[in-house]
Protein chains: 2
Amino acid sequence: MMDEQHIDALAKLLGDKGVVTRPEDKEAYETGARYDRGRAAAVLRPTTTAEVSAAVSYCVRNGIALIPQAGNTGLVSGSTPDVSGSEAVLSLDRLTRQFELDLDNRSVRVDAGFRLSDLNRTLEEHDLFFPIDLGADPRIGGMVATNTGGSRFLKYGDVRRNTLGLKVVLADEAGTVLDLDCDLRKNNTGVDWKQIFIGTSGAFGIVTECVLNLERLPKQVATAFLVPAGGAQVLPLLNAMEERLGAYLSAFEGMSKNAIAAAFTHVPSLKNPFQGGHIPDYVILAEISRSSAPRAEEQPLDAVLETALAEIWELEEAPLADAFVGPPHETWALRHALSEGVKHLGKLIAFDVSFRRGDIMAFCDHMKAEMPEKFPGVTVCDFGHIGDGGVHFNLVVAKDSPLLTDPSFEQRLREWVFTVAVEQYRGSFSAEHAIGRRNQAYYDFYTPEKLKEMAAGLKTVTSPGKLGSVRFG
Amino acid sequence: MMDEQHIDALAKLLGDKGVVTRPEDKEAYETGARYDRGRAAAVLRPTTTAEVSAAVSYCVRNGIALIPQAGNTGLVSGSTPDVSGSEAVLSLDRLTRQFELDLDNRSVRVDAGFRLSDLNRTLEEHDLFFPIDLGADPRIGGMVATNTGGSRFLKYGDVRRNTLGLKVVLADEAGTVLDLDCDLRKNNTGVDWKQIFIGTSGAFGIVTECVLNLERLPKQVATAFLVPAGGAQVLPLLNAMEERLGAYLSAFEGMSKNAIAAAFTHVPSLKNPFQGGHIPDYVILAEISRSSAPRAEEQPLDAVLETALAEIWELEEAPLADAFVGPPHETWALRHALSEGVKHLGKLIAFDVSFRRGDIMAFCDHMKAEMPEKFPGVTVCDFGHIGDGGVHFNLVVAKDSPLLTDPSFEQRLREWVFTVAVEQYRGSFSAEHAIGRRNQAYYDFYTPEKLKEMAAGLKTVTSPGKLGSVRFG
């Protein structure tokens, strides 16, 4: 708990609504979206950059540790306090005032507390959107802190690619406000400081305002389930699709049989399009889209997709075993049900890893081959973004498995997965969830000493105060 | 000149060919592409990252200042030594051994000394390219140091967007090699250190190896000259094109009447497509492209462009006054002749500025209106990348103008242009040439003290030795 004197001082800066201390009101801010429950000394809820600055300055001068929190939808314990009760949460949930749309520049300036869904609902009437497609509904500041990518990375890139500018409050005694909020696409006049705050879990500063690149909303979409002739044919199939559909290709999502089966079980209303209902070993959801309205002169997008698939069908390598063009809402319904479906199979141990595109299937096959001997009873239910190399490598343990009574099991499993992913396949232990407390040990283990030393130096010149759940110092 | 003892020691590390000391051999490395002539203590030409590291270590330990140089095609004195004769050039021109193509990952790992043209010639047989389209032919390391964008930024982005990984040698006593050469698209496991070396003119480290994202070569291209109904119609026209052509739109280049006239004068063989040969006040070169081969079922790309233009023609706002669809090689021939044409009009004073897209025409109109009174006899010959906000704001002074005998003229002109661009229009004083010695004063003037302090701190934790032409410390 926090000293009464500090609470009063912060309430003077932020108003009574700006400081939350009642246990029942703090609870939502202390609880992670999937894992963990911590204890907050208090929750601070500023409404402007100036208030963030004042609160941060006060906390730094008084040695109070701050955990920045945006939508609190992350899965790596990046935005919740630890169990000590000594850390205060600084929530962005009331930092939602500013919204300045620049239609000519195709950009928007928003406060970091905006929810992705609210932003996109407002943009929709202008036929625009912020093109990061996620299952969760985070706030923008958190998306910056984790550099999320999502399911349409292949076409639109990640948050880093779509961020033009930021305003950041540093954890120093002054609560310095860094004005990196330029709305230019080409600007090379020194260090591009905003990059330091993207994907670093809020440890170097609190993002309070963002200038974002916008894209035009797709007006035509066509999707298909593709069945590759085998695991080794997934990449040739992707290459054949990229060659034929180029900039139209907006998703190429892989789904394993186990993950699909779990989704069908959990959501029985889902349509099963496969011959006789038999789920293939691996299925691709391919999507193409364009932002122009349909024209009489143009081939409809479904037909464009079918033409490309017919060409691929005839290829000598024969990467394609089967294909089902279907309406986007049905196709995506299956994809979106995977995550919940897998969670209901048993205890979920999830990994967000990434690879060179050509290594994804090799990694998954490797693990599936060794799993029965290394960890009998653990089921692999992977799915992922083949187009950009990201894999949701989900492992499920039946709830009555004896493994769950072995206190060392989860740690041994994690270490094995990361060892193979990072050391053998040169992959990443965090594709788009950043670090957080859950990945701290892997940051410490896999980061070369020199880079850790540089990060500590960077911490000193930006935010020397106690900020964020990750130790870079 | 450099001490004999140092020359011998460096020759032991780099071989005899690795150290250039004869004045006639050094000259090309001392001379900028457009401006300046300096004097190099010596030119070092390592062939591997290990040799770069050894040379840098030696120079740091002996207090020898190094200027990294790649293709030496920049225009801001970033890669040539000053006139003191005390700085050594470290050239990447022999660092061209490694070339590893990963077709499945659509990426390539290359040594930083590769020329853009050599890289793309090699990639062409695989229907791939590194999609940064420039007039010059730089080496990759220099493109990273300046974060160039070029004419197809609208579709493909800049070097930053297309860089997956880097290997960097730091200017510290050990000549530390930073291995940031990952080939992943999604990877958020700490500070994304490679960002620090992109666009910072080589001051924080020497890039020796790059992993680059590749795109598929366009197989169909259609272009047109568009005549907007007026300066205020340029952005509505761009918006109308983006709305109708989406991801096809690969260039939207603006060209002023003065710049076009200069090109026609300099290259009389250029085709003049305009009615009666009368050049409009402003012309847009629009390009659409796709990477798939033409198909019988699909509307040809020329027809796609014509359909969109016909729709725009009917719009109530009437942004379009005239349009000429023509073969890409003819259309681009005019665009590519602008730079040389303008140079032949007189003394060229060039600015590489950028703006929010909606401010480009307002800035140019503002300057054209005030120029006759402020600087009579100076002609504005602007052209630029409207789609991404970059403008080549070229000013030409007739060779016999009395202005050129006024020693304060050029300085006064520069300050006026930058004051209006940066302070009034919130633009950038360097869109894609980075800083270099020529922009140092503007960096010093326009960068907030806190950011300068952070840059000095970053310099200390990366490359404390004397490196590069820009002072960030």
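Residues numbered from 1 in each chain as written. Chains lettered and ligands numbered in written order. Predicted model: local features only at pLDDT ≥ 70, side-chain atom pairs only at ≥ 80, totals over all residues. Heavy atoms only, no water.

1. Re the sheet that holds strand β8 (residues 163-169) of chain B
Residues and elements named next belong to chain B.
Argument step 1. Strands sit in the order β5-β6-β10-β8-β9 across an open sheet of five strands; the sheet is antiparallel. Across the chains shown, the open sheet's two edge strands, defined by having one partner strand only, are β5 (99-102) and β9 (177-180). Recorded for the sheet is a direction-independent mean angle of 10° between the axes of neighbouring strands.
Argument step 2. Note that β8 and strand β10 (residues 206-213) share six bridges and pair antiparallel. (Pairing = 2+ DSSP bridges. Helix = DSSP H or I, 4+ residues; strand = E, 2+ residues; numbered from the N terminus. Axes fitted to C-alpha atoms, helices over the stretch in contact; angles between N-to-C directions.)

2. Concerning unusual backbone geometry
Residues and elements named next belong to chain B.
Argument step 1. The phi torsion at D36 lies on the positive side, around 75°, for a residue other than glycine.
Argument step 2. Accessibility expressed as a relative area gives 37% for D36, which makes it partly exposed.
Argument step 3. Phi at S201 takes a positive value of approximately 55°, unusual for a residue other than glycine.
Argument step 4. By secondary structure assignment, the location of S201 is in the loop between α7 (194-197) and β10.
Argument step 5. For S201, a relative accessible area of 10% corresponds to the buried category. (Buried < 20%, exposed > 50% of the residue type's maximum accessible area, 1.4 Å probe, protein only.)

3. Regarding the nonpolar core
For soluble globular proteins, nonpolar side chains are generally found buried alongside one another.
Argument step 1. Ranked by size, the top nonpolar core spans 239 residues in total, and within it F252, F363 and F393 of chain A together with F252, F363 and F393 of chain B carry the most contacts.
Argument step 2. If we skip the residues at most four places from it in the chain, F363 of chain B touches V353, F355, F393, V417, V420, A421 and Y425 of chain B. (Core = buried A, V, L, I, M, F, W, Y, C linked by side-chain atoms within 4.5 Å. Contact = heavy atoms within 4.5 Å.)

4. Some remarks on the domain arrangement of chain A
Residue and element names in this part refer to chain A.
Argument step 1. Here the domain parsing of chain A yields domain 1 (4-91), domain 2 (99-216), domain 3 (220-337) and domain 4 (345-433).
Argument step 2. Taken over C-alpha atoms, the centre of domain 2 sits 31 Å from the centre of domain 4.
Argument step 3. Counting from both sides, the interface comprises nine residues of domain 2 and, opposite them, six residues of domain 4.
Argument step 4. Counting the surface lost from both domain 2 and domain 4, the interface buries some 500 Å², and carbon and sulfur atoms represent 52% of this.
Argument step 5. Three residues stand out in domain 2 for area buried against domain 4, namely T146, G150 and L154, and they jointly supply 56% of the buried area on that side.
Argument step 6. Applying the counting rule to domain 2 against domain 4 returns zero salt bridges.
Argument step 7. The residue makeup of the side of domain 2 that touches domain 4, split by class, is three nonpolar, six polar and no charged. (Domains from an automatic or database assignment. Buried area = accessible area lost by both parts, 1.4 Å probe. Salt bridge = Lys/Arg side-chain N within 4 Å of Asp/Glu carboxyl O. Nonpolar A, V, L, I, M, F, W, Y, C, P; charged D, E, K, R; others polar.)

5. A closer look at the relation of the copies chain A and chain B
Argument step 1. For the match of chain A to chain B, the screw axis carries a shift of 0.0 Å, the RMSD comes to 0.0 Å, and the turn is 180°. The symmetry that links the two subunits is that of a two-fold axis.
Argument step 2. Both copies present the same face, since 100% of the interface residues in chain A are matched by interface residues at the equivalent positions in chain B. (Least-squares fit on C-alpha atoms with pLDDT ≥ 70 in both.)

6. Regarding helix α2 (residues 23-30) of chain B
All names here are of chain B.
Argument step 1. Among all positions in α2, only K26, Y29 and E30 are buried. For α2, the angular spread of buried residues about the axis comes to 95°, placing them on one side. For α2, exposure combined with an orientation more than 90 degrees from the buried face picks out E24 and A28. (Arc of directions from axis to C-beta.)

7. A few points about the packing of helix α9 (residues 257-266) of chain B against helix α11 (residues 328-343) of chain B
Residues and elements named next belong to chain B.
Argument step 1. At a closest axis distance of 7 Å, the pairing of α9 and α11 adopts a crossing angle of 85°. The angle between the axes of α9 and α11 places the two elements in the roughly perpendicular class. Residue-level contacts link A259, I260, A262, A263, F264 and H266 of α9 to L334, A337, L338, E340, G341 and V342 of α11.
Argument step 2. Split by residue class, the contact of α9 with α11 holds nine nonpolar, two polar and one charged. (Parallel < 35°, antiparallel > 145°, perpendicular 65-115°, else oblique.)

8. Observations concerning the interface of chain A and chain B
Argument step 1. The interface of chain A with chain B comprises 81 residues on the first partner and 83 residues on the second.
Argument step 2. Overall, the association of chain A and chain B removes approximately 6,800 Å² of surface from exposure, summing both partners, and the carbon and sulfur fraction of that is 54%.
Argument step 3. When the buried area of chain A at its contact with chain B is split by residue, K186, N188 and M454 of chain A rank highest and sum to 13% of it.
Argument step 4. Where chain A meets chain B, there are 16 salt bridges.
Argument step 5. Linking chain A to chain B there are 37 residue pairs in polar contact (both at pLDDT 80 or more).
Argument step 6. When residues of the side of chain A that touches chain B are traced back to their parent elements, those giving at least two are α6 (153-156), β9 (177-180), α7 (194-197), α8 (234-245), α10 (301-313) and α15 (449-462) of chain A.
Argument step 7. The greatest single-element share of the side of chain A that touches chain B, amounting to eight residues, is contributed by α15 of chain A. (Polar contact = N/O pair within 3.5 Å; in protein donor to acceptor, adjacent residues only side chain to side chain.)

9. Let's talk about the pattern of salt bridges
Argument step 1. A full pass over the atoms with the stated rule returns 76 salt bridges over all chains.
Argument step 2. Note that E242 of chain B and R357 of chain B form a salt bridge whose closest N and O atoms lie 2.8 Å from each other. Of the two residues, E242 of chain B is situated in helix α8 (residues 234-245) and R357 of chain B in the loop between β16 (347-354) and α12 (360-374); the sequence distance between them amounts to 115 residues. Each member of the pair E242 of chain B and R357 of chain B is classed as buried.
Argument step 3. A salt bridge links D359 of chain B to R356 of chain B; its shortest N-O distance comes to 2.8 Å.
Argument step 4. The class for D359 of chain B is buried, based on a relative accessible area of 15%.
Argument step 5. A single salt-bridge network, built from bridges that share partners, covers R106, E215 and R216 of chain A together with E242 and R357 of chain B.

10. Structural notes on the state of the cysteines
All names here are of chain A.
Argument step 1. Inspection of every chain in the model, using the stated rule, returns zero disulfides over all chains.
Argument step 2. The closest cysteine sulfur to the non-disulfide-bonded C210 is located on C182, 13 Å from its own sulfur.
Argument step 3. Between C364, a free cysteine, and C381, which holds the nearest cysteine sulfur, the sulfur-to-sulfur gap is 11 Å. (Disulfide = S-S within 2.5 Å.)

11. What about the packing of aromatic side chains?
All names here are of chain B.
Argument step 1. Enumeration over the complete set of coordinates arrives at 39 aromatic pairs over all chains.
Argument step 2. Taken together, a centroid distance of 5.8 Å and an interplanar angle of 50° make the contact between F225 and F274 tilted. Residue F225 is found in strand β12 (residues 220-228), and its partner F274 is found in the loop between α9 and β14 (282-290); the two are separated by 49 residues along the sequence.
Argument step 3. You can call F225 buried: its relative accessible area is 6%. (Phe/Tyr/Trp six-rings, centres within 6.5 Å; stacked < 30°, edge-to-face > 60°.)

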